[in-house]
Amino acid sequence: MPDPSWPSSPPEVNYLRLLGPGAAGTATTMASGAAWQALMAGNEALFAASTANTAATALDFEGVGGASSTAAIAGLNAGLQLLSCWVQEKPPIAAGAVAAYEMAVSSMIPAEVALANRAEQAADVALNPMVLGALTPAIVAASAKGGSHHSRGRLDPARAFAR
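Enquirer: For this particular structure, what's the right way to read the overall build of the protein chain?
Expert: Regarding its fold elements, the protein chain presents 7 helices and 0 strands. Going residue by residue from the N terminus, the α and β elements of the protein chain occur as α-α-α-α-α-α-α. The buried share of the protein chain, reckoned over its 163 residues, is 26%. Expressed as a percentage of contacts within the protein chain between residues at least 6 apart in sequence, the contacts between residues at least 24 apart total 67%. Working note: accessible area of the protein chain is about 10,000 Å², and carbon and sulfur atoms make up 70% of it.

Written out as structure tokens, the structure is:
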């Protein structure tokens, strides 16, 4: 579910939501995917064992009770197979969530860089009247690249990581 405050939050807040203290990262999602895979393997093993058990014991079933037992076991095995099919859908979803998280993190400007650029822009704004507006182009450029909270542009990674 998308976070409704994401678009209105400054870049460093969004970055810290994904990587800051208390952020879960991918560990819990990868553990969930592994648990779904283990459940799927367990269900498949149970299905195989139940099918083999039914085949071995059905020979001794007699009459209406035997037919009823065989039908009940067939229904249970079918339900277990359907559950296995449903569980098979879950690990790829977890893997997709991990990939999306990693892509989002790799495309973000680190909070430290965003804060440093914002501080640099604030210093330029404060100094600009003393230099008769000579810093105006730098202030506008920094704002366009994401130095301002209200601008949603991205910083130049070459400049951002050169610090």
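Next comes the rest of the description.
Enquirer: Can you help me understand the environment of K90 in this one?
Expert: Checked against the element boundaries, K90 lands in helix α4 (residues 90–106). Measuring from C-alpha to C-alpha, the distance between K90 and A34 comes to 9.8 Å, with 56 residues separating the pair along the chain.

Enquirer: Teacher, can you tell me more about unusual backbone geometry here?
Expert: Where the residue is not glycine, phi is negative for most of them; where a peptide bond is considered, it is trans in most cases. Not every positive phi belongs to a glycine, and L132 is a case in point at roughly 55°. Mapped onto the secondary structure, L132 falls in the loop between α5 (111–127) and α6 (136–147). When its relative accessible area of 80% is taken as the criterion, L132 is described as exposed.

Enquirer: Any chance you could explain the confidence of the model for the protein chain here in plain terms?
Expert: As a general rule, the predicted coordinates of low-pLDDT regions are not to be interpreted in detail. Overall, the prediction assigns the protein chain a mean pLDDT of 85, with 88% of residues at 70 or greater. Note on residues 149–163: pLDDT is under 50 here. Beyond four places in sequence and across chains, it has 35 contacts.

Enquirer: What am I meant to see in the packing of aromatic side chains here?
Expert: The description of an aromatic ring pair uses the distance of the two centres, along with the angle that the planes make with each other. Considering all chains together, one arrives at 1 aromatic pair under this definition. A ring pair is formed by W36 and W86, whose centres lie 5.6 Å apart and whose planes are at 80°; its orientation type is edge-to-face. Separated by 50 residues along the polypeptide, W36 in helix α2 (residues 27–57) and W86 in helix α3 (residues 63–88) bring together distant segments of the chain. The exposure class of W86 is partly exposed, given its relative accessible area of 42%.

Enquirer: How do you make sense of helix α1 (residues 11–19) when you look at a structure like this?
Expert: Residues spaced three or four apart along an α-helix point in a common direction, a consequence of the helix completing one turn every 3.6 residues. All of the buried residues in α1 are P11, E12, N14, Y15 and L18. The arc that holds every buried residue of α1, seen down its axis, measures 160°, which confines them to one face. Buried residues along α1 sit in contact with α4 and α5.

Enquirer: Hey, could you run me through the packing of α2 against α4 in this one?
Expert: Helix-helix packing is described using two parameters, namely the angle between the two axes and the distance between the axes. Between α2 and α4, the shortest axis-to-axis distance is 8 Å and the interhelical angle comes to 165°. It follows that α2 is roughly antiparallel to α4 by the angle criterion. The two elements α2 and α4 cross, and the hand of that crossing is left-handed. Across the interface between the two elements, T29, M30, G33, W36 and Q37 of α2 pack against K90, P91, A94, A97 and V98 of α4. In the contact of α2 with α4, the residues fall into 6 nonpolar, 3 polar and 1 charged.

Enquirer: Can you walk me through the nonpolar core in this structure?
Expert: Soluble globular proteins tend to pack their nonpolar side chains together in the buried interior. Formed by Y15, L18, Y101, V105, M108 and A111, the largest nonpolar core amounts to 6 residues. Broken down by secondary-structure element, the contributors of at least two residues to this core are α1 and α4. Leaving out residues up to four positions away in the same chain, M108 has contacts with W6, P11, N14, Y15 and L18.

Enquirer: Just checking my understanding: could you explain the environment of E89 for this structure?
Expert: Tracing the sequence through the fold places E89 in the loop between α3 and α4. With 49 residues separating them in the primary sequence, E89 and M40 have C-alpha atoms 9.8 Å apart.

Calculation rules
- Residues numbered from 1 in each chain as written.
- Predicted model: local features only at pLDDT ≥ 70, side-chain atom pairs only at ≥ 80, totals over all residues.
- Heavy atoms only, no water.
- Helix = DSSP H or I, 4+ residues; strand = E, 2+ residues; numbered from the N terminus.
- Buried < 20%, exposed > 50% of the residue type's maximum accessible area, 1.4 Å probe, protein only.
- Contact = heavy atoms within 4.5 Å.
- Areas by Shrake-Rupley, 256 points an atom, 1.4 Å probe, with all protein chains shown as cover.
- pLDDT = per-residue confidence, 0-100.
- Phe/Tyr/Trp six-rings, centres within 6.5 Å; stacked < 30°, edge-to-face > 60°.
- Arc of directions from axis to C-beta.
- Axes fitted to C-alpha atoms, helices over the stretch in contact; angles between N-to-C directions.
- Parallel < 35°, antiparallel > 145°, perpendicular 65-115°, else oblique.
- Left-handed = near helix turned anticlockwise from the far one by under 90°.
- Nonpolar A, V, L, I, M, F, W, Y, C, P; charged D, E, K, R; others polar.
- Core = buried A, V, L, I, M, F, W, Y, C linked by side-chain atoms within 4.5 Å.

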